[in-house]
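# Summary of structural features
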Amino acid sequence: MSLESLAVRFGTPLYVDSADHILERLGLFQRALSGREHLICYAVKANPALAILKLLAERGAGFDIVSGGELERVLAAAPEAVDRVVFSGVGKTAEEIDRALAAGILEFNVESEAELELLATRAKKLKRRARFALRVNPDVFAETHPYISTGLHEHKFGIDIRQARRIYREAGGNRWLEAHGISVHIGSQIRAADPFGAAAARVSQLVAQLRQDGIALQSIDVGGGLGIDYHDGRFDAASIVREYVGAIESALAGFEGRLLLEPGRFLVAQAGALVTRVLNVKRNGRKTFVITDAAMNDLIRPALYQAYHEIVPVRPRAGKSRVVDVVGPVCETGDFFARDRRLAPVRPGDLLVLLDAGAYGMAQASNYNSRPRAAEVLVVGAKARLIRRRETMEDLLATERV
Ligand SMILES: *Cc1c(COP(=O)(O)O)cnc(C)c1O
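Residues numbered from 1 in each chain as written. Predicted model: local features only at pLDDT ≥ 70, side-chain atom pairs only at ≥ 80, totals over all residues. Heavy atoms only, no water.

## Quick notes on the domain arrangement of the protein
Test applied: Boundaries between domains were set according to an automatic or database domain assignment. Contacts are residue-level and defined by heavy atoms, with any inter-residue pair within 4.5 Å sufficient. Buried surface area refers to the total accessible area, computed with a probe of radius 1.4 Å, that the two partners give up upon joining, counted for both partners together. Following the grouping adopted for this structure description, the nonpolar residues are Ala, Val, Leu, Ile, Met, Phe, Trp, Tyr, Cys and Pro, the charged ones are Asp, Glu, Lys and Arg, and the polar ones are all others, Gly among them.
Assigned domains of the protein: these are domain 1 (3-13 + 270-390) and domain 2 (89-261). Counting residues at the interface gives 10 residues for domain 1 and 11 residues for domain 2. Both sides together, the interface formed by domain 1 and domain 2 hides about 900 Å², and carbon and sulfur atoms give 51% of it. On the domain 1 side of the interface with domain 2, the three residues burying the most area are Gln270, Tyr305 and Tyr308, jointly 53% of the side's total. Residues that form the side of domain 1 that touches domain 2 fall into these classes: four nonpolar, three polar and three charged.

Here it is in structure tokens:
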């Protein structure tokens, strides 16, 4: 698929996603888990495009949602998959809980005792029994960016694992609550398998204790967080997934129930690219700036997490490469995609591609500087389909009054 023709047809900045790549990744998890009952719950927040949700639902995936808005997305794209939805998040409102109860989701991943009480109250009111899993905080350290590490006591996420046994026991007395599973999620962009194994081992121990208490959980949800190599996209994804699943499986030996995973990034990051056009090349003293029509409002990861994205010209020009900063037009010094990066020569009008932008890219796009959000295209086989049209200024102004 020619990115140049897509850029001409749909304009820039443009997100381009590969359906085949996403399904290939899903298949890696499904095959690695073929020996046991499992459900892959795609973390919707990584890329919530309706077309991607539909694509994954058709292949049997479920969904991990973190808001009522994401539930509405699942209901819009794949209502038949609502019984494969797990609802995570530290601050669910009564309205969100009611909607999820009425829709009949698989389970609520509950993050505090207060939330469990609220869930019980709403379940009683709606006369719908609520399946829940406690999201425990296993106090496991995983090497990643501090903003996306979640598995330590100092983080806001989950219930202290030492309290969980008591809470499950107490919930047993409430007929509107069904202890369905247990869940854990230690963070994002984690490149090693060991922390996942360590978290699974702690959960597994708790599941065994609960069994002694007469509480038989049906599922263990080990969350998402498996990372990719942003510096070298050609790593062996299949063996990474096997190693990851292996670490979890060996920690769960003896557990007969269903295993839930919540991958986001690993499924969609490398399936997506952001195509942008060079507006200008300018020099300030000894620095050269390549100014693109995409900006931090389109892809905030470099500004937010000091993240690295490979940047390649669509049509490389001959000549000497140069060390440049690649920046957007937004009025922030933090609006950059790369600093002091060696890049082949580029001229105004050239197209650049930011690679591995499929996760937390479009998902975190904003209208900062009153910039309409980009269009998004899904490539299926040899066909490209517009799955999200470019926003217009009318879209941006529609909610406001003078
Ligand atoms: C964000 C999140 C995920 C997905 O994380 P990835 O790093 O994209 O795999 C899974 N589960 C929960 C609860 C999350 O908050």
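## Digging into the packing of aromatic side chains
The line we're drawing: Working definition: rings of Phe, Tyr and Trp (its six-membered ring) pair if their centres are within 6.5 Å, and the pair is stacked with planes under 30 degrees apart, edge-to-face with planes over 60 apart, and tilted otherwise. Strands are runs of DSSP state E lasting at least 2 residues, helices are runs of H or I lasting at least 4, and numbering of each runs from the N terminus. Buried residues are those whose accessible area, probed at 1.4 Å on protein chains only, stays under 20% of the maximum for their type, while exposed residues exceed 50% and partly exposed ones sit between those limits. Geometrically, a lysine NZ or arginine CZ counts as sitting over a ring once it is within 6 Å of the ring centre and also within 35 degrees of the ring normal.
Counted according to the given criterion, the structure contains six aromatic pairs. Measuring from ring centre to ring centre gives 5.7 Å for Phe132 and Tyr168, while their planes differ by 20°; the resulting arrangement is stacked. Pair noted here: Phe132 is in strand S6 (residues 130-137) and Tyr168 is in helix H7 (residues 161-171), with a separation of 36 residues, a long-range link. On the basis of relative accessible area, Phe132 is assigned to the buried category, the value being 0%. Over the ring of Phe87 we find Lys92, and its NZ or CZ is 5.4 Å from the ring centre. Above the face of the Phe336 ring, Arg339 is positioned so that its terminal group lies 3.9 Å from the ring centre.

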